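Residues per chain, in single letters:
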Amino acid sequence: MVESQSLKLALGASQVNDLISKYLSNALKEKGYKFASPSALNFLSTLECGVNYASEIARNLGVSRQMAAKTVKELCLAGYLEQLDDVGKQKKIVFTQTGELLMSDARQLLADMDKILNQQLGNKAIESTVNNLNKIQALVSGKYL
């Protein structure tokens, strides 16, 4: 049987994503962010720095509003987000100071990782890989098929 390059690509990309997420989560936990799980970081990374709404979050993540609201509630209890009253029944979702510090520390850890990757692989190789992944994503999503 011929080995699928697409399958190798999918598994490799997934493993890199998992490893980066776990590294980031563990490093942030060492800094005192005890609820910085890979899934929480993934969710938080999709939010805007300003005001967010559960319906927008759900749409961006492709999940139900109930699932987005449940996750927001958990992240509020963890101290990373807060909900503020808005027009009608809507609630504004914003980062707390702790949440902003978490995201700032995460960005710094990723910048440190960028330096190491650039030293080991070179900036052009990283840029080329990212560009190729974006092209593959466009192809697989049907934009060019």
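Our subject is the structure that appears above.
Conventions we followed
- Residues numbered from 1 in each chain as written.
- Predicted model: local features only at pLDDT ≥ 70, side-chain atom pairs only at ≥ 80, totals over all residues.
- Heavy atoms only, no water.
- Salt bridge = Lys/Arg side-chain N within 4 Å of Asp/Glu carboxyl O.
- Buried < 20%, exposed > 50% of the residue type's maximum accessible area, 1.4 Å probe, protein only.
- Pairing = 2+ DSSP bridges.
- Helix = DSSP H or I, 4+ residues; strand = E, 2+ residues; numbered from the N terminus.
- Core = buried A, V, L, I, M, F, W, Y, C linked by side-chain atoms within 4.5 Å.
- Contact = heavy atoms within 4.5 Å.

**Details of the pattern of salt bridges**
Here the structure, examined in full by the defined rule, presents three salt bridges. The partner of Glu3 in a salt bridge is Lys8, and the shortest N-O contact between them spans 3.8 Å. Note on accessibility: Glu3 and Lys8 belong to one class, exposed. Ionic pairing is found between Lys91 and Asp85, a salt bridge with its closest N-O pair at 2.6 Å. Lys91 sits in the partly exposed class, given a relative accessible area of 36%.

**Focus on the pairing of strand β2 (residues 91-95)**
Note that strand β1 (residues 81-85) and β2 share five bridges and pair antiparallel. By the bridge assignment, Glu82 is partnered in β2 with Val94. Taken together, β1 and the strand that follows it, β2, pair antiparallel across an intervening segment of five residues, in which Gly88 is found at a positive phi of about 65 degrees.

**Structural notes on the nonpolar core**
Ranked by size, the top nonpolar core spans 24 residues in total, and within it Leu28, Leu44, Tyr80, Leu81 and Leu102 carry the most contacts. Taken together, the elements giving at least two residues each to this core come down to α1 (5-30), α2 (38-45), α3 (54-61), α4 (65-77), β2 and α5 (97-121). Once you skip the residues sitting within four places of it in the chain, Tyr80 turns out to touch Tyr33, Lys34, Phe35, Ala36, Leu44, Leu75, Val94, Phe95, Thr96, Thr98, Gly99 and Leu102.

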